[in-house]
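Residues per chain are reported as follows:
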Amino acid sequence: VQLAESGGGLVQAGGSLRLSCGASGSTFNINSMGWYRQAPGKQRELVARIFSGALSTTYADSVKGRFTVSRDNDKATIYLQMNSLKPEDTAIYYCFALVGVEGSVSERDYWGQGTQVTVSS
């Protein structure tokens with residue numbers, strides 16, 4: 001599975017950005033996809049995740065009510081709509097996919113290259 005991200009950039013506080021992550025390759029066994037972020041000097045944080053099938057979602061408390069993760073109908077691209085951005089949202093955002101291993105209950109993780117989001121005050 002290969003993941004390609006786009007949509008990062010520079011925005012003023014209070015603004016919006018939308019990140020996209022397209023998956024290619026063996027996408028039929030993707031169990032969930034989502035976004036992590038990492039800011040300099042901080043731990044990596046799971047921002048949002050969307051599960052296949054029921055399309056249930058989870059969010060970090062820090063982004064609830066401001067960020068929305070969604071997936072398009074072909075289940076191969078996800079989006080992260082980020083509204084009311086704050087300077088503390090500044091980070092590199094990484095898309096990930098958890099893919100089931102055939103014949104096993106385990107999963108394998110795949111990662112995008114990361115996209116920079118910078119929010120100025």
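Here the structure is shown first, and the text comes after it.
These figures come from a predicted structure and were not determined experimentally.

J.: Kindly report on the packing of aromatic side chains, identifying the contributing residues and their values.
T.: Taken as a whole, this structure holds 3 aromatic pairs when the rule is applied. Between the aromatic rings of Tyr 36 and Trp 111, the centroid separation amounts to 5.4 Å while the plane-to-plane angle is 50°, which identifies the pairing as tilted. Of this pair, Tyr 36 sits in strand E4 (residues 30-38) while Trp 111 sits in strand E10 (residues 107-111), and the two are 75 residues apart along the sequence. Here a set of aromatic residues connected by ring pairs shows up, and it is made of Tyr 36, Phe 96 and Trp 111. Sitting above the plane of the Tyr 36 ring, Arg 44 keeps its charged end 4.5 Å from the centroid.

J.: Quick one: what's the story with the state of the cysteines, residue by residue and with numbers?
T.: By the definition in use, this model includes 1 disulfide. Covalently, Cys 21 is tied to Cys 95 through a disulfide, its sulfur atoms 1.9 Å apart. In this structure, the disulfide formed by Cys 21 and Cys 95 twists by about -80° around the S-S bond and is classed as left-handed. With a gap of 74 residues between them, Cys 21 in strand E3 (residues 17-24) and Cys 95 in strand E9 (residues 91-100) connect regions that are remote in the sequence. Per residue, the accessibility class of Cys 21 equals that of Cys 95, and both read buried.

J.: Just give me the short version of the environment of Gly 114, but keep the residues and values in it.
T.: Turning to its location among the elements, Gly 114 is positioned in the loop between E10 and strand E11 (115-120). Along the sequence, Gly 114 and Gly 14 sit 100 residues apart, while their C-alpha atoms lie 22 Å from each other. Not counting the four nearest positions on each side in its chain, Gly 114 is found in contact with Glu 5, Ile 92, Tyr 93 and Tyr 94.

J.: Would you mind going over the pairing of E10 in detail, with residue names and values included?
T.: For E9 and E10, the ladder comprises 5 bridges, and the chain directions are antiparallel. Counterpart to Leu 98 in the pairing with E10 is Asp 109.

J.: Before we move on, could you go through unusual backbone geometry and cite the residues and values that matter?
T.: The phi angle at Leu 55 is positive, at roughly 60°, despite the residue not being glycine. Along the chain, Leu 55 falls in the loop between strand E5 (45-51) and strand E6 (57-59). You will see that Ser 84, though not glycine, has its phi angle at about 50°, which is positive. Secondary-structure assignment places Ser 84 in the loop between strand E8 (77-82) and E9.

Criteria and cut-off values
Each chain has its residues counted from 1, running along the sequence as written. Local features in this predicted model are restricted to residues whose pLDDT is 70 or higher, and side-chain atom pairs enter the listing and the counts only when it is 80 or higher, whereas totals over whole chains, interfaces and linings include all residues. By convention in this description, side-chain values take in all heavy atoms of the structure and omit both hydrogens and water. Working definition: rings of Phe, Tyr and Trp (its six-membered ring) pair if their centres are within 6.5 Å, and the pair is stacked with planes under 30 degrees apart, edge-to-face with planes over 60 apart, and tilted otherwise. Only runs of H or I of at least four residues qualify as helices and only runs of E of at least two qualify as strands under DSSP, and these elements are numbered from the N terminus. Any Lys NZ or Arg CZ that is within 6 Å of a ring centre and within 35 degrees of that ring's normal is treated as a charge sitting over the ring. Criterion for a disulfide: a pair of cysteine sulfur atoms at a distance within 2.5 Å. Relative accessible area decides the class of each residue, using a 1.4 Å probe on protein chains only: under 20% of the type maximum gives buried, over 50% gives exposed, and in between gives partly exposed. The contact criterion used throughout is that any non-hydrogen atoms of two residues lie within 4.5 Å. Two strands are said to pair when DSSP picks up at least two bridges between them.

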